[in-house]
Amino acid sequence: MILGDLLDAPVVDSSGRVLGFVVDVRLVLDGPVDGLLAAPRVHGLLVSPRTGTSFLGYERTGLDAPALLARFLRWRHRGSFLVHWTDVEVASADGVRLADGYRRWSPAIPGVAHQRP
Amino acid sequence: MSPRLRRSTRPFPPDETLPEPVRPAGLVLDARLHLLDRQTLDVDDVPVATVDDLEIGPPGSSLLAGTDSVFVTALLSGPVLATRIFGGRPPASRLHRIDWRHVTDVGTTVRLGVHGDSLDVLWVERWVRDHVIGRIPGGRHDPG
């Protein structure tokens, strides 16, 4: 599967309620070592109510400059969340359906201080 | 306009504070933030291509389930300019693969541990060099 097919795909819960759109895919380099680096494992999906401008990642990092832009983009993407891959029932280019009892987590990248506006 | 949920249909309060997840053991990368559109450099620091997309899961699969571990298998590069403007994506057959095992470092650029000449992604450049540039008088040696 090509990752670009997942980006911007709608995310629904088990009852079919639309929760948002996939704006990014979180990877962790802890897969089998093949070459110099471990293979990136799909750890989770970042879901946001809107897709545009999320590629700048202000809602996930502690970046606060330029201040006005950072505050605006973080505000624009409030309501974003991370859902672990294990909570995904099925993912395809048509959309992502989450399993019953899925959990939402903070979208902040671990190890980076997340600053709220 | 890019897709978005209208405020009235958003299922959760926007300013909700969510719990921090447990930090995973390996290096954490967000695909769009840290990999896509990055320049790849070969072992001699020569630019090779940009990362236009990633191949995840078994090649050819179109449906993934959360019960299975899914890994990135290759970086993909290809003619994406038109599809970036007009939408869609080029067919998978037009995208060139660079196996993840060739990647040696991920930073501002993605570094590869192989020579660019050995990768399929540069075949157009090699073809133009051999069949067009090489036939121009003086095209087969350094200037000067």
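Our subject in this report is the structure included herewith. (Residues numbered from 1 in each chain as written. Chains lettered and ligands numbered in written order. Predicted model: local features only at pLDDT ≥ 70, side-chain atom pairs only at ≥ 80, totals over all residues. Heavy atoms only, no water.)

Structural notes on the overall build of chain A
Reasoning step 1: In terms of regular secondary structure, chain A is built from two helices and six strands.
Reasoning step 2: The C-alpha radius of gyration computed for chain A amounts to 15 Å, which stays within 12% of the reference 13 Å derived for 117 residues, consistent with globular compactness.
Reasoning step 3: For chain A, the spread of C-alpha atoms along the three principal axes comes to 40 × 40 × 25 Å.
Reasoning step 4: For chain A, the proportion of its 117 residues judged to be buried stands at 62%.
Reasoning step 5: The long-range fraction of contacts in chain A, counting pairs at least 24 apart against all pairs at least 6 apart in sequence, stands at 53%. (Helix = DSSP H or I, 4+ residues; strand = E, 2+ residues; numbered from the N terminus. Rg over C-alpha atoms; globule rule 2.2 N^0.38 Å. Buried < 20%, exposed > 50% of the residue type's maximum accessible area, 1.4 Å probe, protein only. Contact = heavy atoms within 4.5 Å.)

Re the overall build of chain B
Reasoning step 1: A tally of helices and strands in chain B yields three helices and nine strands.
Reasoning step 2: When the helices and strands of chain B are placed in sequence order, the string is β-α-β-β-β-β-β-α-β-β-β-α.
Reasoning step 3: Over its C-alpha atoms chain B spans a radius of gyration of 20 Å, topping by over 25% the 15 Å that the globule rule assigns to 144 residues.
Reasoning step 4: With respect to the three principal axes, the spread of C-alpha positions in chain B is 70 × 40 × 30 Å.
Reasoning step 5: Only carbon and sulfur atoms are counted for the fraction: they give 56% of the accessible area of chain B, which is about 8900 Å².
Reasoning step 6: Separation between the mean location of the 17 positive side-chain charges and that of the 19 negative ones in chain B comes to 7 Å. (Areas by Shrake-Rupley, 256 points an atom, 1.4 Å probe, with all protein chains shown as cover. Lys, Arg positive; Asp, Glu negative; His and termini not counted. Charge placed at Lys NZ, Arg CZ, Asp CG, Glu CD.)

Here's the deal with the sheet that holds strand β4 (residues 53–56) of chain B
Residues and elements named next belong to chain B.
Reasoning step 1: An order of β4-β6-β7 is seen for the three strands of this open sheet, with the pairing classed as antiparallel. Only two strands of the sheet have a single partner each, and these edge strands are β4 and β7 (96–99). Neighbouring strand axes in the sheet, compared pairwise and without regard to direction, differ in orientation by 35° on average.
Reasoning step 2: Note that β4 and strand β6 (residues 72–77) share four bridges and pair antiparallel. Bridge pairing in β6 places D53 opposite L76. (Pairing = 2+ DSSP bridges. Axes fitted to C-alpha atoms, helices over the stretch in contact; angles between N-to-C directions.)

So, the side chain of R32 of chain B
Reasoning step 1: With respect to the helices and strands, R32 of chain B occurs in helix α1 (residues 31–35).
Reasoning step 2: Of note is the side chain of R32 of chain B, whose polar atom sits 2.9 Å from the backbone oxygen of V23 of chain A.
Reasoning step 3: Here R32 of chain B is in contact with L7, D8, V23, D24 and F55 of chain A, once residues within four sequence places are set aside. (Polar contact = N/O pair within 3.5 Å; in protein donor to acceptor, adjacent residues only side chain to side chain.)

A few points about the environment of R78 of chain A
Reasoning step 1: Assignment of secondary structure puts R78 of chain A in the loop between α2 (67–76) and β4 (81–84).
Reasoning step 2: The class for R78 of chain A is buried, based on a relative accessible area of 17%.
Reasoning step 3: When the C-alpha positions of R78 of chain A and R50 of chain A are compared, they lie 9.6 Å apart, and in sequence the two are 28 residues distant.
Reasoning step 4: With near-sequence residues (within four places) excluded, R78 of chain A lies in contact with P49 of chain A together with R7, P14 and D15 of chain B.
Reasoning step 5: A polar atom in the side chain of R78 of chain A sits 2.8 Å from the backbone oxygen of W75 of chain A.

Topic: the interface of chain B and chain A
Reasoning step 1: The interface is formed by 55 residues belonging to chain B together with 68 residues belonging to chain A.
Reasoning step 2: Buried area between chain B and chain A, summed over both chains or domains, comes out near 5300 Å², and the portion from carbon and sulfur atoms is 61%.
Reasoning step 3: Our enumeration of links across chain B and chain A arrives at five salt bridges.
Reasoning step 4: D30 of chain B serves as the salt-bridge partner of R26 of chain A, at 2.7 Å between the closest nitrogen and oxygen.
Reasoning step 5: Applying the counting criterion to the chain B and chain A interface returns 22 residue pairs in polar contact (both at pLDDT 80 or more).
Reasoning step 6: Every element with two or more residues in the side of chain B that touches chain A is listed here: β1 (27–30), α1, β4, β5 (63–64), β6 and β8 (103–106) of chain B.
Reasoning step 7: Looking at the side of chain B that touches chain A, the element that brings in the most residues is α1 of chain B, giving five residues. (Buried area = accessible area lost by both parts, 1.4 Å probe. Salt bridge = Lys/Arg side-chain N within 4 Å of Asp/Glu carboxyl O.)

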